[in-house]
Amino acid sequence: LRCQDKKLYESILQSGMEPVFAVSWVLTWFAHDMQSMPSIQRVYDFFLASHPLMALYFSASVLRLFRKPLIQARGDYADMHAAVQHLPRDLPLEQLVRMTHRSFRSSPPQQVVSMASLTAERAFSAGESMWRQYPYPYHTQPGPADATKRLIEWRPSKRWRGRRW
């Protein structure tokens, strides 16, 4: 978030709000916040075909997309917490996927880790860290970047549009 929207980052930091609100986003890959199975499947497809940290980038994109109420909180903890708790459940997925992919390309994990605290930098820079070895040796051609590109351009077929689960 600090790489992509410094004003929003500083506003959240000023409020003193810890990023605990986003733990469930990352642990469930947003499944508990989505209302339809096709939405959940779309996000899971994107995360499975992407870098392991993509859920964190997606979380930052959600905050950036709904930055206005977060900025308006002006660093007040109660207002910031209320704004985060009232984010819409029907997320504009295609817009978020594109934002997330652009963020990942403009601020790759190595750049983000270099801005992190020394403790985090040590954890992520360990020789055997899965964050540093991506793409993994077992990935075959076409590579994960190609799969991610296809998923970004994905559109539901006529058979799936409007289907209820």
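## A short note on the packing of helix α3 (residues 37–48) against helix α4 (residues 54–65)
Following both chains from N to C, one finds α3 and α4 inclined at 130°, their axes separated by 9 Å at the closest point. Classified by the angle their axes make, α3 and α4 are oblique. Residues Val 43, Phe 46 and Phe 47 of α3 form the contact with α4, whose own contacting residues are Met 54, Ala 55 and Phe 58. In terms of residue class, the contact of α3 with α4 is built from six nonpolar, no polar and no charged.

## Looking at the pattern of salt bridges
This structure, assessed with the given rule, holds two salt bridges. Of the charged contacts, one joins Asp 5 and Arg 67 as a salt bridge, the two residues approaching to 2.6 Å between their closest N and O atoms. Taken together, the residues Asp 5 in the segment before α1 (6–15) and Arg 67 in helix α5 (residues 67–72) connect sequence positions 62 residues apart. Owing to a relative accessible area of 11%, Asp 5 belongs among the buried residues under this scheme.

## Remarks on a nonpolar patch on the surface
Taken together, the side chains of Val 20, Val 23 and Leu 27 make up a nonpolar region of the molecular surface, amounting to roughly 320 Å² of accessible area. Examined against the element boundaries, Val 20 turns out to sit in the loop between α1 and α2 (23–28).

## So, the environment of Arg 89
Mapped onto the secondary structure, Arg 89 falls in the loop between α6 (77–85) and α7 (93–106). The class for Arg 89 is partly exposed, based on a relative accessible area of 40%. Put simply, Arg 89 and His 32 are 57 residues apart on the chain and 9.2 Å apart in space, counted from C-alpha to C-alpha. Ignoring sequence-local partners within four residues, the contact set of Arg 89 consists of His 32, Asp 33, Met 34 and Gln 35.

## Quick word on the side chain of Ser 59
Locating Ser 59 in the fold gives a position in helix α4. Separated by 2.9 Å, the side chain of Ser 59 and the backbone oxygen of Ala 55 make a polar contact. For Ser 59, the residues in contact, after removing those within four places along its chain, are Trp 25, Val 26 and Phe 30.

## Digging into the side chain of Ser 15
Tracing the backbone shows Ser 15 in helix α1. Look at Ser 15 and you get buried, because its relative accessible area is 9%. A distance of 3.2 Å separates a polar atom in the side chain of Ser 15 from the backbone nitrogen of Met 17. The residues contacting Ser 15, other than those within four sequence positions of it, are Gly 75, Asp 76, Tyr 77 and Met 80.

## Looking at the nonpolar core
In this structure, Trp 25, Phe 30, Phe 47, Phe 58, Val 62 and Leu 91 are the most contacted members of the largest nonpolar core, which totals 33 residues. Within the residue set of this core, elements represented by two or more residues are α1, α3, α4, α5, α6 and α7. In terms of residue count, α4 provides more of this core than any other element does, six residues in total. Once residues lying within four places of it in the same chain are set aside, the contact partners of Trp 25 are Phe 30, His 32, Asp 33, Ser 59, Val 62, Leu 63 and Leu 87.

## Observations regarding α3
Taking 1.5 Å of rise per residue, twelve residues should cover 16 Å, and α3 covers 16 Å from first to last C-alpha, within 8% of that figure. Taken residue by residue, α3 has Ile 40, Arg 42, Val 43, Phe 46 and Phe 47 as its buried positions. One side of α3 holds all its buried residues, which, seen down the axis, span an arc of 160°.

## Considering the confidence of the model for the protein
Summing up the model confidence of the protein, the mean pLDDT is 76 and the portion of residues at 70 or higher is 70%. Looking over the protein, one finds the lowest element-wise mean pLDDT in helix α9 (residues 118–125), namely 56, and the highest in α7, namely 91.

## Description of α6
Given 3.6 residues per turn, any residue in an α-helix points the same way as the ones three and four places further on. Along α6, the residues that are buried comprise Met 80, Ala 83 and Val 84. Down the axis of α6, the buried side of the element spans an arc of 95°, and every buried residue falls inside it. Next to the buried residues of α6 lie α1 and α5.

Reading the values: the criteria
- Residues numbered from 1 in each chain as written.
- Predicted model: local features only at pLDDT ≥ 70, side-chain atom pairs only at ≥ 80, totals over all residues.
- Heavy atoms only, no water.
- Axes fitted to C-alpha atoms, helices over the stretch in contact; angles between N-to-C directions.
- Helix = DSSP H or I, 4+ residues; strand = E, 2+ residues; numbered from the N terminus.
- Parallel < 35°, antiparallel > 145°, perpendicular 65-115°, else oblique.
- Contact = heavy atoms within 4.5 Å.
- Nonpolar A, V, L, I, M, F, W, Y, C, P; charged D, E, K, R; others polar.
- Salt bridge = Lys/Arg side-chain N within 4 Å of Asp/Glu carboxyl O.
- Buried < 20%, exposed > 50% of the residue type's maximum accessible area, 1.4 Å probe, protein only.
- Patch = residues over 30% accessible without salt bridge, like charges linked within 9 Å, V, L, I, M, F, W, Y side chains within 5 Å.
- Areas by Shrake-Rupley, 256 points an atom, 1.4 Å probe, with all protein chains shown as cover.
- Polar contact = N/O pair within 3.5 Å; in protein donor to acceptor, adjacent residues only side chain to side chain.
- Core = buried A, V, L, I, M, F, W, Y, C linked by side-chain atoms within 4.5 Å.
- Expected span 1.5 Å × (residues − 1).
- Arc of directions from axis to C-beta.
- pLDDT = per-residue confidence, 0-100.

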